[in-house]
Amino acid sequence: MLSRLSGSLRRRLALILLPSLLILLLVSALAQYLLAVRPIQRELDRALSDVAIALADRIGVNESGDVTFELSDEAAALLDADALDYNWFAAFNERFKPIAGEPNIPWPAVKLTRGEPYFFDSVVNNRPVRAVAVTTACGVLDCGVVMAATVRKRGRLIRAAQLSALLPVALAGCVAFGLVWFGLGSGLRPLVRLSRELERRSPRELSPIRVADAPDEVQPLVEAVNRLMQQLGEA
C-alpha cells in the first residue's frame, strides 16, 4: 500500500515541478529563437537595402527637369537571378509615382528621412514581400526606390532557425524530466523500503524497524513507528 502511495506522491511531486520546468524550457526556446532569427532578419534586410541604395543612385534629373532612371539590361538581369525568390523594384519621381520597374509596388504611406532605409511588409502581384524604401535627392525634392523580394528564402532560413532552437531545448526537456522522475523515485526509495519492511513482519513481531540510509525527512516516521511498536510491546 505504501508503495502505491509513494508512486502517487512521486506523480504529485512531478506535477508540481513540471510547470516550472516547462516555463523554463519555453523561455529558453524563445531566447534561442530570437537570438537565431534576428541576425538572419538583419542580414537579409541589409542585403535588400544595399540593392535599393545602389538603384537609388541610378535616379537623376535631365535638362528638362524630369526625373529619369537608367538601368542596364545586365543589371536588371542580376535582379532576377535569385533561384528562390522573386525580386522587384520600382523607381519613383518627386510625386512618388512609379517611373520605372514594377508598377504594382506601393510607396510606403509614411514620411521617410533621406538616406535612411525604411523596411516594411507588403504584397506585390499577390505575393507577400519584404520591401525597403530609400529616398534620394532629385534637385530640391526627394525621389525614391523601393526594392521588394518574396519571402521564400527568408521563411526557409527562419524555419531552420526554429528547428535549431527548439530541437535542443526539446531534447534537454526530455532529459531534464527523466532526471526529475528518476530523482523523485530515488528520493522516495526509503519509504518503499519501509513499506516492504512492514509487509514482511508478522503481527507478533514488535522489534524496532531499521531503514538503512534513511534521509532526515524519513527518520521521524521511522521513530514514530518504533514508538508504536514499543507501546504495543509494553501493553
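See the structure shown above.
These lines cover the structure that appears in this document, whether it is placed above or below. Please read all numbers here as calculations on a predicted model, not as lab measurements.

Cut-offs used in this document
- Residues numbered from 1 in each chain as written.
- Predicted model: local features only at pLDDT ≥ 70, side-chain atom pairs only at ≥ 80, totals over all residues.
- Heavy atoms only, no water.
- Salt bridge = Lys/Arg side-chain N within 4 Å of Asp/Glu carboxyl O.
- Helix = DSSP H or I, 4+ residues; strand = E, 2+ residues; numbered from the N terminus.
- Buried < 20%, exposed > 50% of the residue type's maximum accessible area, 1.4 Å probe, protein only.

Here's the deal with the pattern of salt bridges
One pass over the structure, following the stated rule, counts 7 salt bridges. Asp45 is the partner of Arg130 in a salt bridge, and the nearest nitrogen-oxygen pair spans 3.0 Å. Placement of the pair is Arg130 in strand S6 (residues 127-138) and Asp45 in helix H1 (residues 2-56), with a sequence separation of 85 residues. Like Asp45, Arg130 is buried. A salt bridge links Arg130 to Asp121; its shortest N-O distance comes to 3.2 Å. A relative accessible area of 18% means that Arg130 is categorised as buried. For Asp121, a relative accessible area of 59% corresponds to the exposed category. A single network of salt bridges, built from pairs that share partners, joins Asp45, Asp121, Arg130 and Arg154.

Re the environment of Ala31
Looking at the element boundaries, Ala31 is found in helix H1. A residue is classified by how much of its surface remains accessible, and Ala31, at 36% relative accessible area, is partly exposed. In sequence terms Ala31 and Ala165 are 134 residues apart; their C-alpha atoms lie 8.7 Å from each other.

Some thoughts on unusual backbone geometry
Unlike most non-glycine residues, Phe96 shows phi in positive territory, near 60°. Following the sequence through the fold, Phe96 ends up in the loop between strand S3 (87-92) and strand S4 (98-101). For Phe96, a relative accessible area of 28% translates into the label partly exposed.

All we've got here are geometric facts, nothing functional implied.
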